[in-house]
Amino acid sequence: MDIFSKIAAGEIPSYKCAENDEFYAFLDINPVVRAHVLVIPRREIDYLFDMDDEEIARYFVFAKKVAKAIKEAFPCKKVGMSVFGLEVAHAHIHLMPMDTEGDMDFRREKLSLPASEMEEIANKIFTAFQNQK
């Protein structure tokens, strides 16, 4: 079981932002910006484009709902999405609130937020996600 699967299973603590039976969203522990969220499928799959059409459609619909929750909880111009990452062999989408394109610059120094702030951010996104119609 890889690290993201362990996170989704609750074996490794995370700052949960949203979940359903197939997908899990949690705060990046090395965020580029506040409210930087990772969205993963619960099943282990390394490469996003190896998903079948129906699963990838459900994955992106779930990510869209998470993005809407981020935007509601942390008003911004847009929520940016990035799909990359070779460091963890588990498909994942980065969602980040942005007001400028520089907010999506992964070369920026990562933020170091206290646990209490991470918990507050996750709770705001989780509440916004739960309140969606």
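Residues numbered from 1 in each chain as written. Predicted model: local features only at pLDDT ≥ 70, side-chain atom pairs only at ≥ 80, totals over all residues. Heavy atoms only, no water.

A.B. asks: Mind showing me how you'd approach empty space enclosed by the protein here?
C.D. replies: Unfilled space is identified by rolling a water-sized probe across the atoms. Tallying each qualifying case throughout the model produces one cavity of 30 Å³ or more. Size it by volume and the largest cavity reaches roughly 30 Å³. Looking at the largest cavity, the residues that line it are Leu 27, Asp 28, Pro 31, Val 33, Arg 34, Ala 35, His 36, Leu 113, Met 118 and Ile 121. Its residues assigned to classes, the lining of the largest cavity comprises seven nonpolar, one polar and two charged. (1 Å grid on protein atoms, 1.4 Å probe; cavity = no way out; pocket = protein on both sides within 12 Å on 5 of 7 lines; lining within 4 Å. Points joined across faces, edges and corners; volume = space filled by probe spheres on them. Nonpolar A, V, L, I, M, F, W, Y, C, P; charged D, E, K, R; others polar.)

A.B. asks: Teacher, can you tell me more about helix α2 (residues 53-73) here?
C.D. replies: Three or four residues apart is the spacing at which side chains of an α-helix point the same way, because the helix has 3.6 residues per turn. Helix length check: α2, at 21 residues, gives a terminal C-alpha distance of 30 Å against a target of 30 Å (1.5 Å per residue), a fit within 8%. Of the positions making up α2, those classed as buried are Glu 55, Ile 56, Tyr 59, Phe 62, Ala 63, Val 66, Ala 67, Ala 69, Ile 70 and Ala 73. Looking straight down α2, one finds that the buried residues subtend no more than 160° of arc, so they occupy a single side. Exposed positions of α2 whose direction lies more than 90 degrees from the buried face are Asp 53, Glu 54, Lys 64 and Glu 72. (Helix = DSSP H or I, 4+ residues; strand = E, 2+ residues; numbered from the N terminus. Expected span 1.5 Å × (residues − 1). Buried < 20%, exposed > 50% of the residue type's maximum accessible area, 1.4 Å probe, protein only. Arc of directions from axis to C-beta.)

A.B. asks: For this particular structure, what's the right way to read helix α3 (residues 115-130)?
C.D. replies: Under the 1.5 Å per step criterion, the end-to-end length of α3 is 22 Å for 16 residues, consistent within 8% with the ideal 22 Å. Looking at the buried residues of α3, the elements they touch are β1 (16-19), β2 (23-27), β3 (37-41) and α2. (Contact = heavy atoms within 4.5 Å.)

These figures come from the coordinates and say nothing about function on their own.
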